[in-house]
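Results of the structural survey
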Amino acid sequence: MAKTLWVTTRFKENIDIRTKLIGALEAITPDHLKHCKPYTHQEGNTTLGILNPSGLRHLQGTNHILGDIFEKRENWFVPNTGTPEGAFSLFRENGEVVEILSDSLASRTVWYYMDQRYFIASSSQRAILLLLGGRQWNEQVIPWMFSSGTLGPSNSWDTRLKSLDPDSTLSLDKSAWNLKVSKKAVHFDPQPLDEAGQVERLRSSIREVLGPHYSMPSDWVLSISGGVDSRGLLYAVLAHAPTSQEIKTLTWGGKATMKQRESDFYLGQVLAKQANTSHSNVILDREQVPFELLWERFLTNGEGRVDNITGYVDGFGLWEKLHRQGIKGMLRGDEAFGQLLGLQHRENPDFLRFTIGLSLCRDFQQPYFRLLSEAYTQELPASYAKRGEESWYTWRDRLYQEFRMPLVMAALTDLKLAYLEVVNPFLSQSILNAVRNIPDQGRLEKRAFASLVNSFWPEVPYASSGSGIRPSELMQRKDASTKMMDLLQGSDAGVLFPQQFREGLLKDIQNRQGAKFKAKALLKKLLPSPKRGRSVNLDRPMPVNCFQMGLRAMMILDMYQRLGDSPKRLVLPQGP
């Protein structure tokens, strides 16, 4: 339940840094959590502030872990003692060094800044920028946000900030005032395992992480749905729980899906009943809160890193409710066991990119959208290139771990962290190592993991439909549409976007107002049909959902405004 803000000064400063950290953390607190007061601690030249720290399981002075570790390690807070097993970001120091570690997929994003006077690290970009003041806008986020709904690889909203890559260690030598970052590359090493060997490899790795040594806290909840991932997580946790009733589970979704027998919402309830857990359901109502309030909380909590707003249409009411009930944390089943689309398209790199959301501006068909390709340079990082020894399918799974997990899934986790702690055990190193040892056929459609999980409650089918709301539905609400058009017609849009692009997008939105965007028809055009074996036609660029692009434009414009606003009382003194 924490967002952190850490400041180490090179010299002893005659500044009330603690008060500035409290002010910055209060500024990134959503309106319905203003009663939560930040935790602060000061040791030597380091000052720590944490927003809503009650869910933290490891906190000692300034040393702390966001997320959790799954091993007994008494010296976790001592620098240079290695990387523990878990899903986390770890902050620790002694008199000589500050050390920050990311887990294997950077499931908890860390942003940092350094000059000759300050080192600042945080789980919030805006918290750092409130201390720095001003805005050094990074225009490279614009093409990436429009094409992928993310900030893009290694990007932040402000050019002064950097993010810590997956499986990395940041070390600051306090005396020399020298910063080093070391990173381990993602490497798949498929082994010649038969199906039984693949299943046993996964089983033993999961037991290593969630074995008898792990006990889910009584004030935590486990999120379940109708999917294979949460079912596997539930079974692993129940295997060593004293009684199933001690495990709290939770399912949520739109009202219309609660009784749809193929939906995540309905089957999550059925699974909980079969497992005999202490279960709760929450209905999300898209008309429950005004769009302006939803929008404010969405950007306050997520800072515009990802565009998936429809999961929070109740104005984060679910998460506030859990917080007020005393729930300190949630276990979730985010994973990297493999992807669902078949091998028949393994030699088409564009198709493989699209399946993980890694699209570029040049991939879209509207003429006005191509203007972004001309206005901005947008290239894939060199590390994303297919390696000589990789199969096409291994390449896609590696991109999923290097792109989608840290840029999309970590950003989705971030949206919830003001309310409670969130941990994804399946992202631990031991489990990822096992996945990277599984051959392609075992990762295809998560076959090895599904073979492991299928024996758990076989009477409960898997979901074939979700429980969410489409962005196009939300953005056609009158209050949402009004907000979108006001921003797109404002002066900042004229500054940030090419004129013809803005005009084309506005025209597209106006022409489609009141129409239903047929998502299923779009997917049929883009994705293969396993039953018919139909190939994907990638000769034509992808169509554009103008309402989703309008949403992404809103995020860019609103964050541009927000990041330029820093109260002088919070800004750290600059200069030597």
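Structure shown above.
A brief report on the enclosed structure follows. The structure displayed is predicted, hence computed values, not measured ones.

Conventions we followed
Residues numbered from 1 in each chain as written. Predicted model: local features only at pLDDT ≥ 70, side-chain atom pairs only at ≥ 80, totals over all residues. Heavy atoms only, no water. Buried < 20%, exposed > 50% of the residue type's maximum accessible area, 1.4 Å probe, protein only. Helix = DSSP H or I, 4+ residues; strand = E, 2+ residues; numbered from the N terminus. Contact = heavy atoms within 4.5 Å. Axes fitted to C-alpha atoms, helices over the stretch in contact; angles between N-to-C directions. Parallel < 35°, antiparallel > 145°, perpendicular 65-115°, else oblique. Left-handed = near helix turned anticlockwise from the far one by under 90°. Salt bridge = Lys/Arg side-chain N within 4 Å of Asp/Glu carboxyl O. Pairing = 2+ DSSP bridges.

Quick look at helix H3 (residues 141-148) now. Counting buried residues along H3, 8 of its 8 residues qualify, which places the element largely inside the surrounding structure. Gly149 lies just past H3 and shows a positive phi near 75°.

This next bit is on the side chain of Arg117. When you line up the elements, Arg117 lands in the loop between strand E8 (111-114) and strand E9 (118-122). Not counting chain neighbours up to four residues away, the residues in contact with Arg117 comprise Thr8, Thr9, Arg10, Glu13, Ile15, Trp177, Pro573, Gln574, Gly575 and Pro576.

Viewed as axis vectors pointing N to C, H3 and helix H20 (residues 546-562) meet at an angle of 150°, and their least axial separation amounts to 9 Å. In this view, H3 runs roughly antiparallel relative to H20, as classed from their interaxial angle. Judged by the sense of rotation from one axis to the other, the crossing of H3 with H20 is right-handed. Residues Ile142, Met145, Phe146, Ser147 and Ser148 of H3 pack against Met549, Arg552, Ala553, Met555 and Ile556 of H20.

Considering all chains together, one arrives at 25 salt bridges under this definition. Measuring nitrogen to oxygen at the nearest pair gives 2.8 Å for the salt bridge that ties Arg117 to Glu13. One end of the pair, Arg117, is in the loop between E8 and E9; the other, Glu13, is in the loop between strand E1 (3-9) and helix H1 (17-27), with 104 residues separating them in the sequence. By relative accessible area, which is 15% here, Arg117 ends up buried. The residue Asp165 makes a salt bridge to Lys183 at a minimum N-O spacing of 3.6 Å. Of this pair, Asp165 sits in the loop between strand E10 (162-163) and strand E11 (168-173) while Lys183 sits in strand E12 (residues 178-183), and the two are 18 residues apart along the sequence. Looking at Asp165, the relative accessible area reads 28%, which means it is partly exposed. If you follow the salt bridges from partner to partner, you end up with Asp229, Glu335 and Lys446 in one network.

Attention now goes to the sheet that holds strand E6 (residues 86-93). Taking strand neighbours across the sheet as the criterion, the 6 strands line up as E4-E5-E6-E7-E11-E12 in an open arrangement whose pairing is antiparallel. The open sheet terminates on both sides in strands that have one partner only, identified here as strand E4 (59-60) and E12. Inspection of the sheet shows strand E7 (residues 97-102) paired to E11 by 5 bridges, in the antiparallel sense. If you follow Glu99 over to E11, its bridge partner there is Ser171.

The next point concerns the pairing of strand E5 (residues 63-69). Taking burial as the measure, the 7 residues of E5 include 7 buried ones, the bulk of the element. Where E4 and E5 come together, 2 bridges link them in antiparallel fashion. Among the inter-strand pairings, Gln60 is bridged to a residue of E5, identified as Asn63. What sits between the antiparallel neighbours E4 and E5 is a turn of 2 residues, in which Gly61 has the positive phi angle 65°.

Interpretation in functional terms is not warranted from these geometric data alone.
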